[in-house]
Amino acid sequence: MTHLDGNALAGTVADILGIEITTAIGRCGSCHHRFELARAHAFITAIGAVLRCERCQGVLAVIVRKPREVLINLSGLPHVTMARSTSPDDMSRKPIRTDEEAW
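So, here's what we can say about the structure. Since we're looking at a predicted model, the values are computed, not measured.

## Section: helix H1 (residues 10-17)
Phase 1: When H1 is considered as a whole, its buried residues turn out to be Ala 10, Thr 12 and Val 13. On an axial view of H1, the arc spanned by its buried residues comes to 160°, and they lie on one face.
Phase 2: At its buried positions, H1 is contacted by strand S6 (59-65).
Phase 3: In the stretch just after H1, Gly 18 is the one whose phi turns positive, near 75°.

## Examining the sheet that holds strand S2 (residues 25-27)
Phase 1: Read across the open sheet, the three strands follow the order S3-S2-S8; overall the sheet is antiparallel. Edge positions in the sheet fall to strand S3 (34-36) and strand S8 (79-81), since each has one partner strand and no second. For this sheet the average axis-to-axis angle between neighbouring strands, irrespective of direction, equals 25°.
Phase 2: Where S2 lies against S3, three bridges are found, and the strand directions are antiparallel. By the bridge assignment for S3, Arg 27 is matched with Arg 34.

## Overview of the nonpolar core
Phase 1: Leu 9, Leu 51 and Leu 60 are the most contacted members of the largest nonpolar core, which totals 16 residues.
Phase 2: Going through the elements one at a time, strand S5 (48-52) and S6 are the ones with two or more residues in this core.
Phase 3: Counting residues per element, this core draws most heavily on S6, at three residues.
Phase 4: Once you skip the residues sitting within four places of it in the chain, Leu 60 turns out to touch Cys 28, Phe 35, Leu 37, Ala 40, Leu 51, Arg 52, Cys 53, Asn 73, Leu 74, Ser 75, Gly 76 and Leu 77.

## Notes on the pairing of strand S4 (residues 41-44)
Phase 1: As paired strands, strand S1 (residues 4-5) and S4 are joined by two bridges and run antiparallel to one another. Across the sheet, the residue bridging to Leu 4 is Ala 42, located in S4.
Phase 2: By the bridge criterion, four bridges tie S4 to S5 in an arrangement that is antiparallel. Counted as the bridge partner of Ile 44 is Ala 49 from S5.
Phase 3: Turn length for the S4-S5 hairpin, with the two strands adjacent in sequence and antiparallel, is three residues.

What counts, and at which threshold
Residues numbered from 1 in each chain as written. Predicted model: local features only at pLDDT ≥ 70, side-chain atom pairs only at ≥ 80, totals over all residues. Heavy atoms only, no water. Buried < 20%, exposed > 50% of the residue type's maximum accessible area, 1.4 Å probe, protein only. Helix = DSSP H or I, 4+ residues; strand = E, 2+ residues; numbered from the N terminus. Arc of directions from axis to C-beta. Contact = heavy atoms within 4.5 Å. Pairing = 2+ DSSP bridges. Axes fitted to C-alpha atoms, helices over the stretch in contact; angles between N-to-C directions. Core = buried A, V, L, I, M, F, W, Y, C linked by side-chain atoms within 4.5 Å.

Now the structure itself:
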């Protein structure tokens, strides 16, 4: 089966989780390789998709579309880092807390 890059799942993940993953940095749970998820290997079928590590081909994520729900397993992706939005609209939604208040 031929794979696509991780960008092929960007729309699906945005629809399901409401986040942009194309510039996110992930860490593979198998080999601990850190890389942009856009470089992961995406295998897409009619019922869902599998996202695999670009280095070891370990399974990072599985998405299964059922008639009434979507199942997501991210167990192979223990850490994901994404940039926070700095737009004024997003910043005004939550009060800014000092370090003392946050911890």
